[in-house]
Amino acid sequence: MPRILLLIILGWLLYVVSKRFIAKIKPNEPTKTDDPEAEKVVACSQCGVHIPENESRLIGDVTVCNNPSCQEQAK
Ligand SMILES: [Zn+2]
């Protein structure tokens, strides 16, 4: 009988530890996509400033920054 109890306790401990281990890994997955190094950086064709690709604007086939004068010159 104590052997069975020991097995149950061991099984429960394994379950709790593995659950914690999985919970520790999972929250790290979305933060990986937020890594600034993973973001592509492009240069403005007018002023040469480097900006993230999602903040840049594509006018025709040139990439410009959010500066209105750069966007005017690219037209
Ligand atoms: Zn610019």
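Every chain's residues receive numbers from 1 upward, in the order its sequence appears when written. It should be noted that, the model being predicted, local features are given only for residues of pLDDT at least 70 and side-chain atom pairs only at 80 or more, the latter also being counted only at that level, while totals for whole chains, interfaces and linings use all residues. Hydrogens and waters are ignored; side-chain quantities use all the structure's heavy atoms.

1. Describing the side chain of Q71
Filter applied, for reference: Only DSSP runs of H or I covering at least 4 residues are called helices, and only runs of E covering at least 2 are called strands; the numbering of each starts at the N terminus. Polar contact criterion, stated in full: a pair of N or O atoms within 3.5 Å, where within protein one must be able to donate a hydrogen and the other to accept it, and residues adjacent in sequence count only if both atoms are side-chain atoms. Contacts between residues were defined by any pair of non-hydrogen atoms, one from each residue, lying within 4.5 Å.
Here Q71 shows up in helix α3 (residues 68-74). Reaching out from Q71, the side chain makes a polar contact with the side chain of R57 at a distance of 3.5 Å. Beyond its immediate sequence surroundings of up to four residues, Q71 is in contact with R57, I59, V64, C65 and N66.

2. Structural notes on the side chain of S56
Definition in use: To sort residues, take the accessible area from a 1.4 Å probe on protein chains only and compare it with the maximum for the residue type: under 20% means buried, over 50% means exposed, and anything in between is partly exposed.
Looking at the secondary structure, you find S56 in the loop between β2 (50-52) and β3 (57-59). For S56, a relative accessible area of 18% puts it in the buried group. Leave out the neighbours within four places in its chain, and S56 touches V42, I51, T63 and V64.

3. Points about the environment of S56
In sequence terms S56 and N66 are ten residues apart; their C-alpha atoms lie 6.4 Å from each other. Side-chain polar atoms of S56 contact the backbone oxygen of E53, separated by 2.6 Å.

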